[in-house]
Amino acid sequence: MAIRGNWMYENNGGTCVAIAGADYCVIAADTRLSVGYSIYTRDYSKICKLADKCVMASSGFQGDLKALQKNLAAKHLIYQHQHNKQMSCPAMAQLLSNTLYYKRFFPYYTFNILGGLDSDGKGCVFTYDAVGSYERVGYSAHGTGAGLIIPVLDNQLKSPSPLLLPAKDAVTPLSEMEAVDLVKDVFASATERDIYTGDKVEILVINASGIRQELMELRKD
């Protein structure tokens, strides 16, 4: 986790999770920022609002994350001036993919999840690797605790394979409150085993009425 002499990046730890429902999206991340065994701050938000119905959560190198957020904000502002409207979540997903792929030879060392509502009001979650390859899914997790969280989400949500025909919706069957409770449970569990995840979990719920924020305390050791 710590920076090495000839390595340009460092991993600041943390975990982010997103779940898409029929008319909502829940996206969450913990607030611990650390390197190795040192905690820099216990109150750092890894979630960024990109548009009214579109939010991004990221783990990895937070210096690159800030540069990526500024880049996306500038491009979104240009889009608003040219089209007199905000970008939809699927359009922002494509923009993020293009932005990451453009830097593929010296990439942003960030692992991103984009969540929000699409043009039909359905929840959508897009998951990425560091160089822009992405997929629309029903749920996703990135970061140091993802290996602990994904098996639980697989067991509880059982998203259909995108290879099945006829294609099925990727949205999860849970209600909004059940999805929020599941996110709280998986973070409480991951915090017990992952030293880079902890302190608090910041949860954003995106639905037709807007964006609602919740905070839950986690372990601080």
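A brief look at the structure comes next. (Residues numbered from 1 in each chain as written. Predicted model: local features only at pLDDT ≥ 70, side-chain atom pairs only at ≥ 80, totals over all residues. Heavy atoms only, no water.)

1. Some details on the sheet that holds strand β12 (residues 210-217)
Reading across from one edge, β10-β1-β2-β11-β12 is the order of the 5 strands in this open sheet, with antiparallel pairing throughout. What marks the edges here is a single partner per strand, and that holds for β10 (139-143) and β12. Each neighbouring strand pair of the sheet contributes to a mean axis angle of 15°, computed without reference to strand direction. Sheet topology note: the strand β1 (residues 15-20)/β10 ladder contains 5 bridges and is antiparallel. The partner of I19 across the bridge, within β10, is Y139. Along the sheet, helix α3 (residues 146-157) makes contact with β1 and β10, crossing β10 at roughly 170°. Seen against the sheet, helix α4 (residues 176-193) touches β1, β2 (24-30), β11 (200-207) and β12 and runs at an angle of roughly 20° to β2. (Pairing = 2+ DSSP bridges. Helix = DSSP H or I, 4+ residues; strand = E, 2+ residues; numbered from the N terminus. Axes fitted to C-alpha atoms, helices over the stretch in contact; angles between N-to-C directions. Contact = heavy atoms within 4.5 Å.)

2. Here we look at helix α2 (residues 89-102)
Taking 1.5 Å as the rise per residue, α2 with 14 residues should run 20 Å; its terminal C-alpha atoms sit 20 Å apart, in good agreement. Restricting attention to buried positions, one finds in α2 the residues C89, M92, A93, L95, L96, S97, T99 and L100. Residues of α2 that are buried sit in contact with β5 (47-51), β6 (54-60), α1 (62-83), β7 (110-117), β8 (123-128) and β9 (134-137). (Expected span 1.5 Å × (residues − 1). Buried < 20%, exposed > 50% of the residue type's maximum accessible area, 1.4 Å probe, protein only.)

3. Notes on the sheet that holds β6
Pairing is antiparallel across the open sheet formed by 5 strands, whose spatial order is β5-β6-β7-β8-β9. Only two strands of the sheet have a single partner each, and these edge strands are β5 and β9. Averaged over all neighbouring strand pairs, the angle between strand axes comes to 25°, with direction disregarded. Pairing analysis gives 5 bridges linking β7 to β8, with the strands arranged antiparallel. Bridging across to β8, L114 finds its partner in F126. Running at roughly 155° to β6, α1 makes contact with β5, β6 and β7 of the sheet.

4. Details of the environment of V201
Looking at where V201 falls in the secondary structure, it is placed in strand β11. According to the relative accessible area criterion, V201 is buried, its value standing at 0%. Counting along the chain gives 164 residues from V201 to Y37, while the straight-line C-alpha distance between them is 20 Å. For V201, the residues in contact, after removing those within four places along its chain, are A28, A29, D30, F187, E214, L215, M216 and L218.

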